[in-house]
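Listed below, chain by chain, are the residues.
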Amino acid sequence: MAEDGEIFTCVKGRMPTSIDLARRLREYEEKGRNAVLSVSNRSFRFGGLWFCPCCASRLEEQEASFFCNQCGRHLERKIIYFLVEFHPHWTNNAWR
Ligand SMILES: [Zn+2]
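Residues numbered from 1 in each chain as written. Predicted model: local features only at pLDDT ≥ 70, side-chain atom pairs only at ≥ 80, totals over all residues.

(A) Just the pairing of strand 2 (residues 7-10), in detail. Relative to strand 2, strand 1 (residues 2-4) is paired through three bridges, and the arrangement is antiparallel. Following the sheet pairing, Glu3 is matched in strand 2 by Phe8. A loop of two residues connects strand 1 with strand 2, the two strands running antiparallel in sequence, and Gly5 in this loop sits at a positive phi of about 65 degrees. As defined by bridge partners, strand 2 adjoins strand 3 (residues 15-16) across two bridges and the pair is classed as antiparallel. Residue pairing in the sheet places Thr9 in a bridge with Pro16 of strand 3. Counting the residues between successive antiparallel strands, the hairpin from strand 2 to strand 3 contains four residues, one of them, Arg14, with a positive phi of roughly 50 degrees. (Pairing = 2+ DSSP bridges. Helix = DSSP H or I, 4+ residues; strand = E, 2+ residues; numbered from the N terminus.)

(B) A look at unusual backbone geometry. Its identity as a non-glycine residue notwithstanding, Ala56 has a phi of 70 degrees, on the positive side. Along the chain, Ala56 falls in the loop between helix 1 (19-31) and strand 4 (59-61). Phi angles above zero are rare outside glycine, and Asn93 is one such case at about 60 degrees. Position of Asn93 among the secondary structure elements: in the loop between strand 7 (90-91) and strand 8 (94-95).

(C) How the structure looks around the nonpolar core. One finds Leu25, Tyr28, Cys52, Leu59, Phe66, Cys68 and Leu75 forming the largest nonpolar core, which totals seven residues. Breaking this core down by element, the ones donating at least two residues are helix 1 and strand 5 (65-68). Residues within four places of Leu25 in sequence aside, it is in contact with Phe8, Thr17 and Pro53. (Core = buried A, V, L, I, M, F, W, Y, C linked by C-beta atoms within 7 Å. Buried ≥ 20, exposed ≤ 12 C-beta atoms within 10 Å, placed from the backbone. Contact = placed C-beta atoms within 7 Å.)

(D) Representation of the sheet that holds strand 2. Strand order across the open sheet formed by three strands is 1-2-3, with antiparallel pairing between neighbours. Edge positions in the sheet fall to strand 1 and strand 3, since each has one partner strand and no second.

(E) View of the environment of Arg73. Here Arg73 shows up in the loop between strand 5 and strand 6 (74-76). Along the backbone, Arg73 and Tyr28 are 45 residues apart, and their C-alpha atoms lie at a distance of 7.3 Å. Once residues lying within four places of it in the same chain are set aside, the contact partners of Arg73 are Tyr28, Gly32, Arg33, Cys52, Cys54 and Cys68.

(F) Up close: the sheet that holds strand 4. Judged by pairing direction, the sheet is antiparallel, and its three strands sit side by side in the order 4-5-6 without closing on themselves. On the outer flanks of this sheet lie strand 4 and strand 6, each paired with one strand and no other. Adjacent strand axes in the sheet meet at a mean angle of 30 degrees when their direction is disregarded. As paired elements, strand 4 and strand 5 share three bridges and run antiparallel to each other. Bridged to Leu59 within strand 5 is Cys68. Packed onto the sheet, helix 2 (residues 77-86) meets strand 5 and strand 6 and runs at close to 55 degrees relative to strand 6. (Axes fitted to C-alpha atoms, helices over the stretch in contact; angles between N-to-C directions.)

And the structure:
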């Protein structure tokens, strides 16, 4: 992702983030290692492959977050929800 003023843009996926998502991603960068997490829905799993916005390592889905083994940050599950629901990517010649 490239920083683009207030927001970020995924250049490859032609996806600008919302201002709210950009704020959450900045918080992840700043506070992800000391995140205070609450488990809201234990049975729900997103699945799929997710990568750390800071270091691009693969994230491990856990009960309360997606954990980055490389930089030790916890990505809130809510952020994945915002990405899935509101931020389609241009992939294989279609918005997905
Ligand atoms: Zn990381």
